Amino acid sequence: MASEVVFPLLETLELDDLPNLKRFFLGMNDFLLPSLVNVMINDCDEWVMFTSGQLETPKIKYLHTSFGKHSVEHGFNFQTTFPTSSDPTISKGKPASFHNLIEINIQKRDVGTSIIPSHALLQLEKLQQITIESCKGVKEVFEVVAVEGSGFNASQIAVQIPNLTQVELDSLYDLKYLWKSNQWMVLEFPNLTTLSIQSCQRLEHVFTCSMAGSLVQLQHLSISHCYDMKMILKEEEECDAKVNEIVLPHLNSLILEVLPMLKGFCLGKMAFSLPALETLIINHCQAITVFTKGHVSTPELKVINTRFGKCDVRTDVNSFIETKQEE
């Protein structure tokens, strides 16, 4: 019978850039690490597990990888990433499982054309935060495709990311979509409170009409330096026929800066109700002609910050923009 291996005082374990490492230990011994608190496994693409024996780590709560932060409530004796593969559908460095993923935090890495593959969309029940910066080649955050074995069927049209609260995207120069909308499904973000997008120069819109209905907790929206951005919310024919008004009940702050191609927040004819909006900044958006083509209600909005300075809103936002365009 294999004896137990104990590291009584080991508090931090960092395994970095070990491309051929498969395990910490190849034998069958059990391991006890009673003091271990911090674990980072980074760029170990062949990693399979810590040991084939039992692993006891009573103090550790999270595992950090180059992809983000993972829960280890059931231990961290698991495969952290897909191994290197010639199969283009399996991206190097992606988690082997997304079920325990709490945060995505990726900077200056090659992760392929999408961040979250389609097969993982039903595994994001714990995901709370996404931060992605300076990753070349990323065209969409969520890959939404209809493929056999993806876990979807005809009745699963809406897929919720239930606990995601914050998204920050910065300097993703190839990004074209948060996800590419299609007829099979729509993603919903019922607890998203903060979305910040900066320097995503190929992104033409942020939301679709069908997604907007789930943004019931959105409080802060900031979009800047996206040079191809034409509208924030893109209308859809099917949605326009069904939706008369879009309500963002908790949106308090809306910042639109350095968006030279922006024509409006939404160019559809549906009405908007923004009952909590208090801060509106529209700066260096030379092409904007209207906030929305429908009626917009902003009862708490008193001042708009623009390149002209702070301006009182004595009428509705649409009339204010039209007046400034005429000046």
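Not measured: the values here are computed from a predicted model.

Another aspect to go through is the overall build of the protein chain. Summing up its helical and strand segments, the protein chain has three helices and 26 strands in all. Within the protein chain, the fraction of its 327 residues that count as buried is 46%. Total accessible area on the protein chain stands at roughly 16200 Å², and carbon and sulfur atoms take up 48% of it.

Inspection of the secondary structure assignment puts S253 in strand β20 (residues 253-257). On the accessibility criterion, S253 (12% relative accessible area) is buried. The contacts of S253, once residues within four sequence positions are left out, are Q219, H220, L221, L277 and T279.

A few words now on the sheet that holds strand β21 (residues 264-266). Pairing in this open sheet of three strands is parallel, and the strands run β16-β18-β21 from one edge to the other. Each end of this open sheet is capped by a strand with a single partner; those strands are β16 (207-208) and β21. With two bridges joining them, β16 and strand β18 (residues 231-234) adopt parallel strand pairing. Residue pairing in the sheet places F207 in a bridge with L233 of β18.

Our focus in this paragraph is the state of the cysteines. One pass over the structure, following the stated rule, counts zero disulfides. No disulfide involves C226; its sulfur sits 5.1 Å from that of C200, the nearest cysteine.

This paragraph deals with the pairing of β18. With two bridges joining them, β18 and β21 adopt parallel strand pairing. Following the sheet pairing, M231 is matched in β21 by G264.

Right, let's talk about a positive patch on the surface for a bit. Side chains of K139, K176, K180 and R202 sit close together on the surface and give a patch of like positive charge. Inspection of the secondary structure puts K176 in the loop between β13 (166-170) and β14 (186-188).

One pass over the structure, following the stated rule, counts eleven aromatic pairs. The ring centre of Y62 lies 4.0 Å from the NZ or CZ of K69, which sits over that ring.

The next thing to look at is the pattern of salt bridges. A side chain with one charge may pair with a side chain of the opposite charge, provided their charged atoms come close. Taken as a whole and assessed by the stated rule, the structure comprises two salt bridges. R109 is paired through a salt bridge with D43; the nearest N and O atoms lie 2.3 Å apart. Of this pair, R109 sits in the loop between β8 (101-107) and β9 (114-116) while D43 sits in the loop between β4 (38-42) and β5 (55-56), and the two are 66 residues apart along the sequence. Overall, the relative accessible area of 25% leaves R109 in the partly exposed class. Ionic pairing is found between E204 and K230, a salt bridge with its closest N-O pair at 3.9 Å. With E204 in the loop between β15 (194-198) and β16 and K230 in the loop between β17 (220-224) and β18, the pair connects residues that are 26 residues apart, well separated along the chain. Residue classification places E204 among the partly exposed residues on the basis of a relative accessible area of 39%. A relative accessible area of 26% places K230 in the partly exposed class.

Time to look at the sheet that holds strand β22 (residues 271-273). Taken in spatial order, the three strands line up as β19-β22-β24 in an open sheet, and their pairing is parallel. The two strands at the open ends of the sheet, each matched to only one other strand, are β19 (245-247) and β24 (296-297). Two strands pair when backbone bridges link them, and β19 and β22 are joined in this way by three bridges, in the parallel orientation. Residue pairing across strands places I246 opposite F272, the latter belonging to β22.

Another point: empty space enclosed by the protein. Enumeration over the complete set of coordinates arrives at two cavities of 30 Å³ or more. Considered as a void within the structure, the largest cavity measures approximately 70 Å³ in volume. Around the largest cavity, the lining residues are I130, V141, F142, L164, V167, L178, F189, L192, L195 and M211. Here the second largest cavity defines a volume of roughly 40 Å³. Considered class by class, the residues forming the lining of the second largest cavity number five nonpolar, two polar and no charged.

The next thing to look at is the nonpolar core. Judged by nonpolar contacts, the single largest core of 76 residues is most densely connected at I116 and F142. Apart from the residues within four sequence positions on either side, F142 is in contact with I116, L121, L124, I130, L164, L178, W179, K180, L187 and F189. Core analysis: the second largest hydrophobic core is formed by 14 residues, L15, I41, C44 and L55 among them.

Turning to unusual backbone geometry, a few remarks are in order. Notably, D43 is not glycine yet its phi reads approximately 55°, a positive angle. Overall, D43 belongs to the partly exposed group, its relative accessible area being 24%.

Our focus in this paragraph is the pairing of β17. For β15 and β17, the ladder comprises five bridges, and the chain directions are parallel. Across the sheet, residue I197 finds its bridge partner in β17, namely I223. Here five bridges tie β17 to β20, and the two strands are oriented parallel to one another. The residue of β20 that forms the bridge with S224 is E257.

Conventions we followed
- Residues numbered from 1 in each chain as written.
- Predicted model: local features only at pLDDT ≥ 70, side-chain atom pairs only at ≥ 80, totals over all residues.
- Heavy atoms only, no water.
- Helix = DSSP H or I, 4+ residues; strand = E, 2+ residues; numbered from the N terminus.
- Buried < 20%, exposed > 50% of the residue type's maximum accessible area, 1.4 Å probe, protein only.
- Areas by Shrake-Rupley, 256 points an atom, 1.4 Å probe, with all protein chains shown as cover.
- Contact = heavy atoms within 4.5 Å.
- Pairing = 2+ DSSP bridges.
- Disulfide = S-S within 2.5 Å.
- Patch = residues over 30% accessible without salt bridge, like charges linked within 9 Å, V, L, I, M, F, W, Y side chains within 5 Å.
- Salt bridge = Lys/Arg side-chain N within 4 Å of Asp/Glu carboxyl O.
- Lys, Arg positive; Asp, Glu negative; His and termini not counted.
- Charge placed at Lys NZ, Arg CZ, Asp CG, Glu CD.
- Phe/Tyr/Trp six-rings, centres within 6.5 Å; stacked < 30°, edge-to-face > 60°.
- Lys NZ or Arg CZ within 6 Å of the ring centre and 35° of its normal.
- 1 Å grid on protein atoms, 1.4 Å probe; cavity = no way out; pocket = protein on both sides within 12 Å on 5 of 7 lines; lining within 4 Å.
- Points joined across faces, edges and corners; volume = space filled by probe spheres on them.
- Nonpolar A, V, L, I, M, F, W, Y, C, P; charged D, E, K, R; others polar.
- Core = buried A, V, L, I, M, F, W, Y, C linked by side-chain atoms within 4.5 Å.

Read these as spatial facts, not as claims about activity.
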